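Architecture and fold: a report
What follows is each chain in one-letter form.
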Amino acid sequence: MMSMELSIVHNIDLVKALNEIKFLNTYHPANNRILLFFGGYRGKTLDFARYSDRHRTSLAHFLDKGKWDSAALEKDLRESVIEKVYQHSRETNQPVLCITDDTIASKTRPSSQAVHPMEAISNHMSHLKGQMDYGHQAIGVMLACGELVLNYAILLYDKSQSKIDMVSSIANTLPAPPNIGYLLCDSWYTCDKVMDTFIRKGFYTIAGLKTNRILYPCGIRMPLSEFASKLRKTDSGVRLVSAGKRKYWIYQYDGQINGTDGAAVILTYPENAFGNPKTLRAFLCTNADLSVEYILNLYTKRWPVEVFSRTTKGKLALDKYQIRSATGIRRFWLLMSLTHFLCCVGNGVLRSFSEGYTYWQKLVLRNVVQYVYNCGKNGMPLAMLGIG
C-alpha cells in the first residue's frame, strides 16, 4: 500500500485546515501522524506500518523522544479553540460553556516482572463499571457555545497534583468570556477552590452536588438527603418543571451550605419518582438569580464531554494505545485533540465530530487514490510509491 505520508502535501483541503492552526505548517512532523487516525488507527504499533513506509516503532519514538515542540502546539491549538468558541459567542450572544469530566483509558495489568511498564498508571474508581479500574485517568475539558463543541484539553492525572488543582489551573488559562460563562461539572469539582477560580475568570458554576452535603435549613444542620426526605409535593416551593424532554419535581434551597456561600441548591426527582431516595439528584449554581428551568436545561449541555470520551475511544484509540512514557501519552492525546478540532471545524465548516471524522476519512482516501492515479498516469513506477 502507498505510504499515506506522501498524501499530506497533495491534500489541499487538509493542508488549509491545518494552517488554520498557525503553529502547524504543511510540513510539520505531527501532520502525518494525524493521518493515522483517519486511516482506522486502532492503537497498535502494527497499524503504523499499514500507512507508512517507516518502521512501526518510529511512532513511539516520535511521541516519546521526538524533537518537536508539543508545548507550542498545545498552546496554539488552545488559542485556536478559544478563538472559534469566543467568536461564536460574540456572534450569537450565547454563553461560553467550559465542560469538564474524567474518564479511564483501561489497560491490562502487567506482569510483576515487566521491565518497562507504562508510566503514570494506577487504579482508579470507575463509576461506569462500579469498581476499581486499572489504567490512565484522563480529564477532558471542552469549550462550547451553542452547537459548537471543541476539546480544549486532555489532562493526564498522574497523582502529582490533585484533579482540583488541575482543573483550577485550566481556568487560569481562559480569558473572560465575551458575554457570560458557565463551568459545567460533576460533584467532584464542587468546591470553593474551583468555583472561586472560575468566577474570577467570568464563569459561574453549575454542578452536580453529592446528597450527603450538609445544609442548614432554619439553622439546623442536616445532610441534603435528609432534608429532601422531608419535602412533600404540597410544600411551598415544590413544583414540576421541564428540563430537556423530561419533567422533574424540584425544590430550590437558598440557605447556608457547607463549603459554599451565596449559591442556589436545586433538589430534583423524576416526575414519577418523587420521594424515592435512589432517584434524588442535587445541583448547585453560583448564580442564584437564574431560574431553575434555565439552570437544569443548561446542565444538560454537559453531555458533549461524555460523547467526546466515547467517540475518542471508538475512533481515536483513547483506550487502545500502546505507549509507555507519560510524555508520549500526553503527546498522543494532544494529536487526538488536534484531530477532534479538524473534524469539528476544519476548513471553516461546523460539523459534529462523527460527521467530520467520516468527511476527512473519505477525503484522505480519495486523495490517496487520486495521487496514485496521477503518478501512474505520469509513468512513475509503483515501487517508488511503496506499492508492489
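Just above sits the structure.
Read on for an overview of the structure.

What counts as what
- Residue positions are given per chain, counting from 1 as you read along its sequence in written order.
- Only residues with pLDDT of 70 or above have their local features reported here, since the model is predicted, and side-chain atom pairs are shown and tallied only from 80 upward, although totals for entire chains, interfaces and linings are computed over all residues.
- Each side-chain value is derived from all of the structure's non-hydrogen atoms; neither hydrogens nor water enter the calculation.
- Helix and strand assignments follow DSSP, with helices taken as H or I runs no shorter than four residues and strands as E runs no shorter than two, numbered in order from the N terminus.
- The contact criterion used is simple: two residues touch if any of their non-hydrogen atoms lie within 4.5 Å.
- Only the protein chains shown count as cover for residues, and all accessible areas are computed by the Shrake-Rupley method using a 1.4 Å probe.
- For the exposure calls, accessible area comes from a 1.4 Å probe over protein chains only, and a residue counts as buried if that area is under 20% of its type's maximum, exposed if over 50%, partly exposed in between.
- Residues enter a nonpolar core if they are buried and are Ala, Val, Leu, Ile, Met, Phe, Trp, Tyr or Cys, with the set joined through side-chain atoms within 4.5 Å.
- Between Lys or Arg on one side and Asp or Glu on the other, a salt bridge is scored when a side-chain nitrogen of the former is within 4 Å of a carboxyl oxygen of the latter.
- A pair of strands is labelled paired if DSSP reports no fewer than 2 bridges between them.
- Handedness of a crossover is defined as follows: with both strands directed away from the viewer, a clockwise route from the first strand across the helix to the second makes it right-handed.
- Convention adopted: a line fitted to C-alpha atoms gives each axis, helices being fitted over their contacting stretch, and angles between N-to-C directions are expressed from 0 to 180 degrees.
- Angle categories are assigned with fixed cut-offs, so that under 35 degrees is roughly parallel, over 145 is roughly antiparallel, 65 to 115 is roughly perpendicular, and the rest are oblique.
- Side-chain classes follow a simple rule in which Ala, Val, Leu, Ile, Met, Phe, Trp, Tyr, Cys and Pro form the nonpolar group, Asp, Glu, Lys and Arg form the charged group, and the remainder, Gly included, forms the polar group.
- Centre distance within 6.5 Å is the pairing criterion for rings of Phe, Tyr and Trp, where only the six-membered ring of Trp is used; planes under 30 degrees apart are then read as stacked, over 60 as edge-to-face, and the remainder as tilted.
- Placement of a positive charge over a ring is assigned whenever Lys NZ or Arg CZ falls within 6 Å of the ring centre and within 35 degrees of the normal to the ring plane.
- To estimate how far a helix should reach, multiply one less than its number of residues by 1.5 Å.

Within the protein, the secondary structure is distributed over 12 helices and 12 strands. Put simply, 64% of the contacts in the protein that link residues at least 6 apart link residues at least 24 apart. If you sum the accessible surface of the protein, you get close to 18,800 Å²; carbon and sulfur atoms cover 51% of it.

This part is about the environment of Gln256. Its location among the elements puts Gln256 in the loop between strand 10 (246-253) and strand 11 (264-270). Classification of Gln256 as partly exposed rests on a relative accessible area of 48%. Separated by 37 residues in sequence, Gln256 and Gly219 have C-alpha atoms that sit 8.1 Å apart. If we ignore the near neighbours within four places in the chain, the residues touching Gln256 are Leu215 and Tyr216.

The next point concerns the nonpolar core. The biggest cluster of nonpolar side chains holds 87 residues, and the ones touching the most others in it are Val85, Tyr152, Leu174, Phe198, Phe332 and Trp333. Sort the elements by how many residues they give to this core and helix 11 (residues 326-345) lands first, with 13 residues. Setting aside residues no more than four positions away along its own chain, Tyr152 makes contact with Arg78, Val81, Ile82, Val141, Met142, Leu143, Ile170, Thr173 and Leu174.

Across all of its chains, the model carries 10 salt bridges by this definition. Glu79 serves as the salt-bridge partner of Lys75, at 2.8 Å between the closest nitrogen and oxygen. Of this pair, Lys75 and Glu79 both sit in helix 5 (residues 70-92), four residues apart, which is roughly one turn of the helix. Judged by relative accessible area, Glu79 falls into the partly exposed class, the value being 41%. For Asp186, the salt bridge is made with Arg302, and the minimal N-O distance between the two is 3.7 Å. Of this pair, Asp186 sits in the loop between strand 5 (181-185) and helix 7 (192-200) while Arg302 sits in the loop between helix 9 (292-299) and helix 10 (303-315), and the two are 116 residues apart along the sequence. If you follow the salt bridges from partner to partner, you end up with Asp101, Asp186, Arg302 and Glu306 in one network.

The next point concerns the side chain of Thr190. With respect to the helices and strands, the residue Thr190 is situated in the loop between strand 5 and helix 7. You can call Thr190 buried: its relative accessible area is 6%. With residues up to four places along the chain from it excluded, the contact list for Thr190 reads Met195, Ala207, Gly208, Leu209, Arg213 and Leu284.

With that settled, consider the pairing of strand 6 (residues 203-209). The element strand 6 is extensively covered by neighbouring structure, given that six of its seven residues are classed as buried. In the sheet, strand 5 pairs with strand 6 via five bridges, with the strands oriented parallel. If you follow Leu184 over to strand 6, its bridge partner there is Ile206. Where the polypeptide runs from strand 5 across helix 7 and back to strand 6, its parallel neighbour, the crossover connection is right-handed. Pairing of strand 6 with strand 12 (residues 281-285), which is carried by four bridges, proceeds in the antiparallel orientation.

Turning our attention to unusual backbone geometry. What is expected of a backbone is that most residues other than glycine have negative phi and most peptide bonds are trans. Phi is positive for Asn93, which is not a glycine, with a value near 65 degrees. Here Asn93 is to be found in the loop between helix 5 and strand 1 (96-106). The phi dihedral of Ala120 is positive, around 55 degrees, even though this residue is not glycine. The topology assignment puts Ala120 in the loop between strand 1 and strand 2 (122-126).

Between helix 6 (residues 163-171) and helix 7, the least distance of the axes is 9 Å, while the angle of their chain directions is 5 degrees. As judged from the angle between their axes, helix 6 and helix 7 are roughly parallel. Where helix 6 approaches helix 7, its residues Ile164, Asp165, Val167, Ser168 and Ala171 are matched on the opposing element by Lys193, Val194, Thr197 and Phe198. Split into classes, the residues belonging to the contact of helix 6 with helix 7 amount to five nonpolar, two polar and two charged.

Applying the stated criterion across every chain, the model contains 12 aromatic pairs. Judged by centre distance (5.6 Å) and plane angle (65 degrees), the ring pair of Phe227 and Tyr253 falls under edge-to-face. One end of the pair, Phe227, is in helix 8 (residues 224-229); the other, Tyr253, is in strand 10, with 26 residues separating them in the sequence. Taking the relative accessible area as the measure of exposure, Phe227 reaches 11% and is therefore buried. For Tyr253, a relative accessible area of 5% corresponds to the buried category. In textbook terms, an aromatic cluster arises when at least three aromatic residues are bridged by ring pairs, as seen for Tyr182, Tyr204 and Tyr294. In this arrangement the basic side chain of Lys163 is found over the ring face of Tyr157, its NZ or CZ atom lying 5.7 Å from the centre.

To continue, consider helix 11. An α-helical segment advances 3.6 residues per turn. Residues three or four places apart therefore align on the same side. For helix 11, with 20 residues, the first-to-last C-alpha span of 29 Å sits near the 28 Å given by 1.5 Å per residue. Burial analysis of helix 11 places 18 of its 20 residues in the buried class, the great majority of the element. Following helix 11 by one or two positions, Asn347 has its phi on the positive side, about 60 degrees.

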